[in-house]
Amino acid sequence: MSDEPTLNAVELATELTIAWLGNQNNRVSAEDVPAFLRAMHATVIELSGQASALIETPDASGSEGYTPAVSARKSLASKDHIISMIDGRPYRTLRRHLSGHGLTPEQYRERYNLRPDYPMVAESYSEQRRAMALKIGLGSKGRAAKAAASALAEKPKRGPRTAKSG
């Protein structure tokens, strides 16, 4: 009889995990599924009040040790691409790759102990995008408006107008 609540917790955690993975908005790699299932099981047990039955596993602890696929130096070795520390593959920009793994750039930097100014876009790709933006005139409207405003501020050097009585 004492195995029944544990079995139900396992089944419930499994069902919740299947439902969560079935949602098309949740993108998770296959290697993250067991850790998520463990976390879900621990949560179900905690909520059911059976916290004493929980057996601590190394992966279920709060601090997971992530091993980078490449070093930070090698990741930034080329101007044409940045090598991901998650899978070791080159990318021109990491943002979409990180979102596919459920990470923000800040979380990625934190996970691999990177500096806050670690780039998310390859240098040559950034230069290409900058050149394209300048070519089509992005940002020039704001500069033109500032120039016009400063020209208007400098222009009225005449005395104030007075109403003529007549």
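Every chain is numbered on its own, with residues counted from 1 as its sequence reads. Residues qualify for local features only when their pLDDT is at least 70, as the model is predicted, and side-chain atom pairs are given and counted only at 80 or more; totals for whole chains, interfaces and linings, by contrast, use all residues. Side-chain numbers here rest on the full set of heavy atoms in the structure, without hydrogens or water.

What about the pattern of salt bridges?
What counts, and what does not: When a carboxyl oxygen of Asp or Glu lies within 4 Å of a side-chain nitrogen of Lys or Arg, that pair is called a salt bridge. Here a strand is any run of E in DSSP of at least two residues, a helix any run of H or I of at least four, and the numbering for each starts at the N terminus. For the exposure calls, accessible area comes from a 1.4 Å probe over protein chains only, and a residue counts as buried if that area is under 20% of its type's maximum, exposed if over 50%, partly exposed in between.
Under the counting rule described, the total for this entry stands at 2 salt bridges. A salt bridge links Glu123 to Lys79, with the nearest nitrogen and oxygen atoms 3.9 Å apart. Of the two residues, Glu123 is situated in helix α6 (residues 123-136) and Lys79 in the loop between α3 (72-75) and β1 (82-83); the sequence distance between them amounts to 44 residues. The exposure class assigned to Glu123 is partly exposed, which follows from its relative accessible area of 41%. By relative accessible area, Lys79 is classed as exposed at 54%. Asp117 is the partner of Arg115 in a salt bridge, and the nearest nitrogen-oxygen pair spans 2.9 Å.

Concerning the confidence of the model for the chain
Which entries qualify depends on this criterion: Every residue carries a pLDDT, the predictor's confidence in it, which falls somewhere between 0 and 100. By the convention used here, residues are in contact when the closest approach between their heavy atoms is within 4.5 Å.
Per-chain confidence: the chain averages 81 in pLDDT, with 80% of residues scoring 70 or above. Low pLDDT (under 50) marks residues 52-63, which in the prediction has 6 contacts with non-local residues, meaning those over four places away or in another chain.

Digging into the environment of Ser126
Turning to its location among the elements, Ser126 is positioned in helix α6. Along the backbone, Ser126 and Lys79 are 47 residues apart, and their C-alpha atoms lie at a distance of 9.7 Å.

Let's talk about the nonpolar core
How we decide: Think of a nonpolar core as a cluster: buried Ala, Val, Leu, Ile, Met, Phe, Trp, Tyr and Cys residues, connected wherever their side-chain atoms sit within 4.5 Å.
Counting residues in hydrophobic clusters, the biggest one holds 15 residues, and the most contacted among them are Met85, Leu94, Leu98, Tyr108, Leu114, Tyr118 and Met120. Discounting residues that sit within four places of it in the chain, Leu98 has contacts with Ile86, Leu103, Thr104, Pro105, Tyr108 and Met120. By size, the runner-up hydrophobic cluster in this structure holds 5 residues, among which are Ala9, Ala13, Val44 and Ile45.

Focus: the packing of aromatic side chains
Note the following rule: Pairing of aromatic rings covers Phe, Tyr and Trp, the last counted by its six-membered ring, and requires centre-to-centre distances within 6.5 Å; plane angles under 30 degrees mean stacked, over 60 mean edge-to-face, and any other angle means tilted. Ring-over charges, as used throughout, are those where CZ of Arg or NZ of Lys falls within 6 Å of the ring centre and within 35 degrees of the ring normal.
Following the criterion strictly, the structure yields 2 aromatic pairs and no others. Note on Tyr108 and Tyr112: the rings are 5.4 Å apart at their centroids and 70° apart in plane angle, and the pair reads as edge-to-face. Exposure class is identical for Tyr108 and Tyr112. Each is buried. Consider the rings of Tyr108 and Tyr118, whose centres lie 6.4 Å apart with planes at 50°: the pair is tilted. Here the residue Tyr108 occupies a position in helix α5 (residues 105-111), and Tyr118 occupies one in the loop between α5 and α6, the gap between them amounting to 10 residues. Residues Tyr108 and Tyr118 agree in their burial class; the two are buried. Positioned above the aromatic ring of Tyr66 is the side chain of Arg111, whose terminal nitrogen or guanidinium carbon lies 3.6 Å from the ring centre.

Things to note about unusual backbone geometry
Peptide bonds are trans in most cases, and residues, glycine excluded, mostly fall at negative phi. Although it is not a glycine, Asn113 sits at a positive phi angle of roughly 55°. Mapped onto the secondary structure, Asn113 falls in the loop between α5 and α6.

Considering α6
Here is the rule we go by: Here the expected length of a helix is defined as 1.5 Å per residue gap, with one fewer gap than residues.
Between its terminal C-alpha atoms α6 stretches 20 Å, which fits the 20 Å expected from 14 residues at 1.5 Å a residue. In the stretch just after α6, Gly137 is the one whose phi turns positive, near 90°.

Things to note about the side chain of His97
When you line up the elements, His97 lands in helix α4 (residues 95-100). Judged by relative accessible area, which is 10%, His97 ranks as buried. Leaving out residues up to four positions away in the same chain, His97 has contacts with Ser84, Ile86, Asp87 and Tyr91.

Digging into a nonpolar patch on the surface
As a reminder of what qualifies: For patches, a residue must show more than 30% relative accessible area and have no salt bridge; joins then use 9 Å for like charges and 5 Å for nonpolar side chains, namely Val, Leu, Ile, Met, Phe, Trp and Tyr. Areas reported as accessible are Shrake-Rupley estimates using a 1.4 Å probe. Residue values count occlusion only from the protein chains shown.
Side chains of Trp20, Leu21 and Val28 sit close together on the surface and give an oily, nonpolar patch of about 210 Å² of accessible area. Residue placement: Leu21 occurs in helix α1 (residues 3-22). Residue classification places Leu21 among the partly exposed residues on the basis of a relative accessible area of 33%.

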